[in-house]
Amino acid sequence: DGNSAPAISAASMVVVSNRLPFILKRNEQTGQLERKASAGGLVTAVAPVVIKGKGIWVGWPGIHLDDPNEPIPESDPKDRTPTAGLLSKQVVPVHCDRHVFDQYYNGCCNGTFWPLFHSMPDRAEFSADNWRAYVKVNQEFARKTMEALEKVKEENPSATPTIWIHDYQLMICANWVRQAAEEAGIRCKMGFFLHIPFPPWDIFRLFPWSDEILQGMLGCDMVGFHIEDYCLNFVDCCQRRLGCRVDRKNLLVEHGGRSVRVRPLPIGIPFERFVQLAESANRVMLTNQQIVLGVDRLDYTKGLVHRLKAFERLLQKYPQHIEKVTMLQIAVPSRTDVREYQELKEEMDQLVGRINGCFTTPNWSPIRYIYGCVSQDELAAFYRDAAVALVTPLRDGMNLVAKEFVACQINTPPGVLIVSPFAGAGEMMHEALVCNPYEIDDAAEVIHRALTMPEDERTLRMNYLRRREKVHDVNYWMRSFLKAMGTLITEDGEETLP
Ligand code: ADQ
């Protein structure tokens, strides 16, 4: 975010993620490809390191091109986003057959791994065809990563490049890269980070090709997860499925004559950027209302149906909140090609209608439901002016909304955060109120407690929450990753040892 955080650099880093840090769109008038920026915290933190260290980003450009050799455009001179300085030669796009990509992405990634890794196996479909597509696309990513590795090596022959592979879309890519790099005689360090939970052994083994996933991930030198529980699940799976020797205390897995480090690396947010947004954003126009806020991708893991029911229960049990409290739920359209997501949208529409139908008075409706994207400014204003944030997923790797909310809580007195114990964020944000989203009655009680919490208690809790997130921001996370890899270069150019 370019603020007070000290500069971090790593020479010759190759970042590999399903998507590039921007997407390509074709301008209808000129027929030219153009870059469209992404606003996520990950891009904000990682892009500057790639740019500065003359690294490369490998990923899908968000468009299927007829000619895969069509050049990537340079950024627009007016571009002020974090990827503006990323030259086109620092981008290696991955292209795949449209149908295979669909089987890989909608089928295997979002139809199988997403529900399975969130411990919802009933929602997972197991298809050999989709798995084959996953293997194929991961191989293509590996091939392109190797291309990138050769390029960074050419640019800076003395550096030992770091390869950083992201998330569940690319779990089996690393092994092929390792083999190819060894054959080419290129020394490099490889790390993987999983942004979603890693499930317990008993769930993981439901996937028919689960051993191949473990072997793929163990192609890296270091494997990172948000929290220790996920690390332990992974170590457990390596031991029980592959028979690896493991060290639970030091989180090490022995595989193929190598020792793979497993590390909890909880992600953070660009804290200062959210503070600045909150400072400059306009007021939210819901006068005299206490706002109970929810912000999520419309996804069945986020517990949206349970949350609406908890709010309904609150109004039934504590009618004093009628006309005083409004629930504002922002649901970002997501994976709209997948049937499960279309069904969830239907269910939400009906539930919002039913609850509003029951409680609406001439001057007030209990739920404001926005199905769509909001700007970063609006989002910051909602976070700032909410009395309560409900972050109640049924399961979630971390959950950045909880962190963004506390960053934006600059009003006095502040609001209250409610988190689910089944989100990584629930594990770390100790001063939040905890609520089990499955227990609707209790959830209603917790919301009531938050709405009526004394000012000094709110202030105390929020101060601690904010302090932690300010220090452990996304740059801290980036540093922790590089430290765990042993490739952090400090401002004076020294490489630090792990
Ligand atoms: P997600 O499942 O996408 O991420 P989350 O961590 O909550 O979930 O991040 C959502 C992001 O989208 C937030 O940064 C939020 O600001 C943004 N957003 C939400 N609603 C928006 C809206 N209406 N308009 C604009 N922006 C909006 C996955 C894992 C998480 C993990 C992250 C990062 O599932 O558990 O925390 O990766 O590792």
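Here we summarise the structure given alongside this text.

Parameters at a glance
Residues numbered from 1 in each chain as written. Predicted model: local features only at pLDDT ≥ 70, side-chain atom pairs only at ≥ 80, totals over all residues. Helix = DSSP H or I, 4+ residues; strand = E, 2+ residues; numbered from the N terminus. Buried ≥ 20, exposed ≤ 12 C-beta atoms within 10 Å, placed from the backbone. Contact = placed C-beta atoms within 7 Å. Core = buried A, V, L, I, M, F, W, Y, C linked by C-beta atoms within 7 Å. Near = placed C-beta within 6 Å. Nonpolar A, V, L, I, M, F, W, Y, C, P; charged D, E, K, R; others polar. Expected span 1.5 Å × (residues − 1). Pairing = 2+ DSSP bridges. Axes fitted to C-alpha atoms, helices over the stretch in contact; angles between N-to-C directions. Parallel < 35°, antiparallel > 145°, perpendicular 65-115°, else oblique. Left-handed = near helix turned anticlockwise from the far one by under 90°.

Some details on the overall build of the chain
The helix and strand tally for the chain stands at 16 helices and 17 strands. Projecting the C-alpha coordinates of the chain onto the three principal axes gives extents of approximately 70 × 50 × 45 Å. Within the span of the chain, comprising 498 residues, buried residues form 48% of the whole. In the chain, 79% of the contacts between residues at least 6 apart in sequence involve partners at least 24 apart.

Let's talk about the nonpolar core
Counting residues in hydrophobic clusters, the biggest one holds 155 residues, and the most contacted among them are V388, L417, I418 and I447. By residue number, the principal contributor to this core is helix α3 (residues 128–155), which donates nine residues. Excluding anything up to four places from it in sequence, I447 contacts V292, A310, F311, L314, V388 and I418.

Describing the site of the ligand
In the region of the ligand, 17 residues are neighbours, and H195, C373, G397, M398 and L400 sit closest. When contributions to the shell around the ligand are tallied by element, the ones reaching two or more residues are β12 (290–297), β13 (325–332) and α12 (400–408). Here the element with the most residues in the shell around the ligand is α12; it accounts for three residues. Each residue belonging to the shell around the ligand can be placed in one class, and the counts come to 11 nonpolar, three polar and three charged.

Focus on helix α7 (residues 228–242)
Here α7 contains 15 residues, and its C-alpha end-to-end distance of 21 Å stays within 8% of the 21 Å for a straight helix at 1.5 Å per residue. Three or more residues of α7 are buried, namely Y230, C231, N233, F234, V235, C237 and C238. If you follow the buried residues of α7, they end up packed against α5 (201–204), α6 (210–217), β8 (222–225), β9 (245–247), β10 (252–255) and β11 (258–264). Of the residues one or two after α7, G243 is the one with positive phi, at around 70 degrees.

Concerning helix α1 (residues 41–52)
Here α1 spans 18 Å end to end across 12 residues, near enough to the 16 Å set by a 1.5 Å rise per residue. Of all 12 residues that make up α1, 10 are buried, and the element is covered over most of its length. Of the residues making up α1, those classed as buried are G41, L42, V43, T44, A45, V46, A47, P48, V49 and V50. Summarising the contacts, the buried residues of α1 are in contact with β1 (13–19), β4 (56–60), α12 and α16 (474–485). Phi for K54, located one or two positions after α1, is positive at around 50 degrees.

Observations regarding the sheet that holds strand β16 (residues 416–419)
By way of backbone hydrogen bonds, the strands of a sheet pair with one another, either parallel or antiparallel. With parallel pairing, six strands are arranged side by side in an open sheet as β14-β13-β12-β15-β16-β17. Since the sheet does not close on itself, it has two edges, and those belong to β14 (367–371) and β17 (433–434), each with one partner. In the packing of helix α9 (residues 304–317) onto the sheet, contacts are made with β12, β13 and β15 (388–391), and the angle to β12 comes to roughly 170 degrees. Here helix α14 (residues 440–451) sits on the sheet in contact with β12, β13, β15, β16 and β17, set at roughly 165 degrees to β16.

Some remarks on the sheet that holds β11
A sheet is described by the order of its strands in space; here nine strands give the open sequence β5-β4-β1-β6-β7-β8-β11-β10-β9, paired in mixed fashion. Each end of this open sheet is capped by a strand with a single partner; those strands are β5 (91–93) and β9. Neighbour-to-neighbour, the strand axes of the sheet open up by a mean angle of 20 degrees, direction not taken into account. Here three bridges tie strand β7 (residues 189–193) to β8, and the two strands are oriented parallel to one another. Looking across to β8, one finds that F192 is bridged to V223. Docked against the sheet, α3 engages β1, β4, β5 and β6 (162–166), running at close to 160 degrees with respect to β4.

Re the packing of α12 against helix α15 (residues 455–471)
Taken N-terminus to C-terminus, the directions of α12 and α15 make an angle of 110 degrees; their axes are 9 Å apart at the nearest point. When the axis of α12 is compared with that of α15, the two are roughly perpendicular. The hand of the α12/α15 crossing is left-handed. Residues K403, V406 and A407 of α12 lie in contact with α15, whose contacting residues are M462, L465, R466 and E469. Grouping the amino acids of the contact of α12 with α15 by side-chain chemistry returns four nonpolar, no polar and three charged.

Details of the environment of Q320
In this structure, Q320 sits in the loop between α9 and β13. When the C-alpha positions of Q320 and G257 are compared, they lie 65 Å apart, and in sequence the two are 63 residues distant.

So, unusual backbone geometry
Note the cis peptide between T412 and P413, where omega equals -10 degrees. Position of P413 relative to the elements: it lies in the loop between α12 and β16. Positioned with a positive phi, L251 is a non-glycine residue whose angle comes to about 50 degrees. If you trace the backbone, L251 turns up in the loop between β9 and β10. According to the C-beta neighbour criterion, L251 is partly exposed, with 19 such atoms within 10 Å. Notably, N399 is not glycine yet its phi reads approximately 95 degrees, a positive angle. In this fold, N399 is placed in the loop between β15 and α12. Owing to 24 C-beta atoms within 10 Å, N399 belongs among the buried residues under this scheme.

Section: the environment of P264
Here P264 lies in strand β11. Spatially, the C-alpha atoms of P264 and P161 are 22 Å apart, while their sequence positions differ by 103 residues. Sequence-distant contacts of P264, that is, excluding residues within four places in its chain, are made with F225, H226, I227, E228 and C231.

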